[in-house]
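Chains, contacts and geometry: an overview
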Amino acid sequence: MATARSAGARERQNEGRVSRASSRLRRTGYQRTAGLRARSRSRKAGSDYDLFAGFGQVYITTAYPGVVKAWHYHKKQDDNFCVVNGAAKVVLYDMRDNSSTRGEINEFVMGDVNPMLLQIPRNVYHGFMCLGETEMILMNCPTEPFNGKEPDEYRMRADSAEIPYKWDVKFK
């Protein structure tokens, strides 16, 4: 990853950014050569890149073709997903009481052919499914560090009737 970015690289990194203010979902296109960097300090302490509200940790998770990892949400943290290898369908379900998008499903196909950074706000159920024929690797940079004594993760089964979604592969 690059440790310094030129003004042109920052502009390319922010190309195509779409923000839905009501749900704080952001889809950000980026150039692989520009690199993404976040320091281990929050915006409150003076983040050097305002796209991230804070930095808690970085971790990767993998899934094999057809595997679904869903549903869960967080009460304290926002997630920042990026598929760094393969492809995934990431699905969000907004269950927030005062949200204008309450009850809506959003699907994002992301990965090698459609690179993006997907910011998932707290209190929004989310999950993903590996697409294609190879293992998918997803990187997450949540805004809060992991707390093993009190994990900020609330789960529901992938086939729960409480969320109106079926994990089928749909091509339009």
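Everything in this summary refers to the structure shown in the same document. Every value quoted in this text rests on a predicted model; they were computed, and no experiment measured them. (Residues numbered from 1 in each chain as written. Predicted model: local features only at pLDDT ≥ 70, side-chain atom pairs only at ≥ 80, totals over all residues. Heavy atoms only, no water.)

**Focus on the sheet that holds strand β7 (residues 105-111)**
How we decide: DSSP-based pairing: two strands are paired if at least 2 bridges between them are found. Each helix is a run of H or I in the DSSP string that is no shorter than four residues. Each strand is a run of E no shorter than two, and both are numbered from the N terminus.
On the basis of which strands lie adjacent, the open sheet formed by five strands has the order β7-β6-β9-β4-β11 and antiparallel pairing. Of all strands in the sheet, those with a lone pairing partner are β7 and β11 (154-155), marking the two edges. Where strand β4 (residues 68-73) lies against β11, two bridges are found, and the strand directions are antiparallel. Looking at the pairing, Tyr-73 lines up with Tyr-154 of β11.

**Topic: the environment of Lys-89**
How we decide: Here the term buried applies to any residue with accessible area under 20% of the maximum for its type, exposed to any over 50%, and partly exposed to those in between, with areas from a 1.4 Å probe on protein chains only. Polar contacts, as counted here, are pairs of nitrogen or oxygen atoms within 3.5 Å of one another; within protein the pair requires one atom able to donate a hydrogen and one able to accept it, and residues that are adjacent in sequence qualify only if both atoms are side-chain atoms.
Tracing the backbone shows Lys-89 in strand β6 (residues 87-94). According to the relative accessible area criterion, Lys-89 is buried, its value standing at 4%. C-alpha separation for the pair Lys-89 and Cys-130, spaced 41 residues apart in sequence, amounts to 6.6 Å. A distance of 2.4 Å separates the side chain of Lys-89 from the backbone oxygen of Asp-168, its partner in a polar contact.

**Some remarks on the nonpolar core**
Selection rule: Take the buried residues of types Ala, Val, Leu, Ile, Met, Phe, Trp, Tyr and Cys, join any two whose side-chain atoms come within 4.5 Å, and each joined set is a nonpolar core. For this analysis, residues touch if any pair of their heavy atoms sits within 4.5 Å.
In terms of nonpolar packing, the biggest core is built from 16 residues, with Phe-81, Val-90, Met-110, Leu-118, Ile-120, Phe-128 and Met-136 touching the most fellow members. Of all the secondary structure elements, the ones that give two or more residues to this core are β5 (79-85), β6, β7, β8 (117-120), β9 (124-131) and β10 (136-140). Setting aside residues no more than four positions away along its own chain, Met-136 makes contact with Thr-61, Thr-62, Ala-63, Val-83, Asn-85, Gly-86, Ala-87, Ala-88, Phe-128 and Cys-130. Within the second largest apolar cluster, 11 residues are counted, among which are Trp-71, Tyr-125, Ile-163 and Trp-167.

**Examining the pattern of salt bridges**
Here is the rule we go by: Every case where a carboxyl oxygen of Asp or Glu lies within 4 Å of a side-chain nitrogen of Lys or Arg is listed as a salt bridge.
One pass over the structure, following the stated rule, counts six salt bridges. A salt bridge links Arg-96 to Asp-94; its shortest N-O distance comes to 2.9 Å. Considered together, Arg-96 and Asp-94 belong to a single accessibility category, that of buried residues. Between Arg-155 and Glu-153 there is a salt bridge, with the nearest N and O atoms lying 2.6 Å from each other. For Glu-153, a relative accessible area of 32% puts it in the partly exposed group.

**Section: the pairing of β6**
Across the eight residues of β6, seven count as buried, placing the element largely inside the fold. Relative to β7, β6 is paired through seven bridges, and the arrangement is antiparallel. Counted as the bridge partner of Ala-88 is Met-110 from β7. Inspection of the sheet shows β6 paired to β9 by eight bridges, in the antiparallel sense. The partner of Val-91 across the bridge, within β9, is Gly-127.

**Observations concerning the state of the cysteines**
Selection rule: The definition used for a disulfide is geometric: two cysteine sulfur atoms within 2.5 Å.
Applying the stated criterion across every chain yields a total of zero disulfides. With no disulfide partner, Cys-141 has as its closest neighbouring cysteine sulfur the one in Cys-82, 8.6 Å distant. Of the residues examined, Cys-141 reaches a relative accessible area of 10% and is grouped as buried.

**Comments concerning unusual backbone geometry**
Most of the time, phi is negative for any residue but glycine, and the peptide bond is trans. Across the junction of Ala-70 and Trp-71, the peptide omega takes the value -20°, indicating a cis bond. Secondary-structure assignment places Trp-71 in strand β4. Even without a glycine there, the phi angle at Asn-123 is positive, about 65°. Topologically, Asn-123 is positioned in the loop between β8 and β9. By relative accessible area, which is 25% here, Asn-123 ends up partly exposed.

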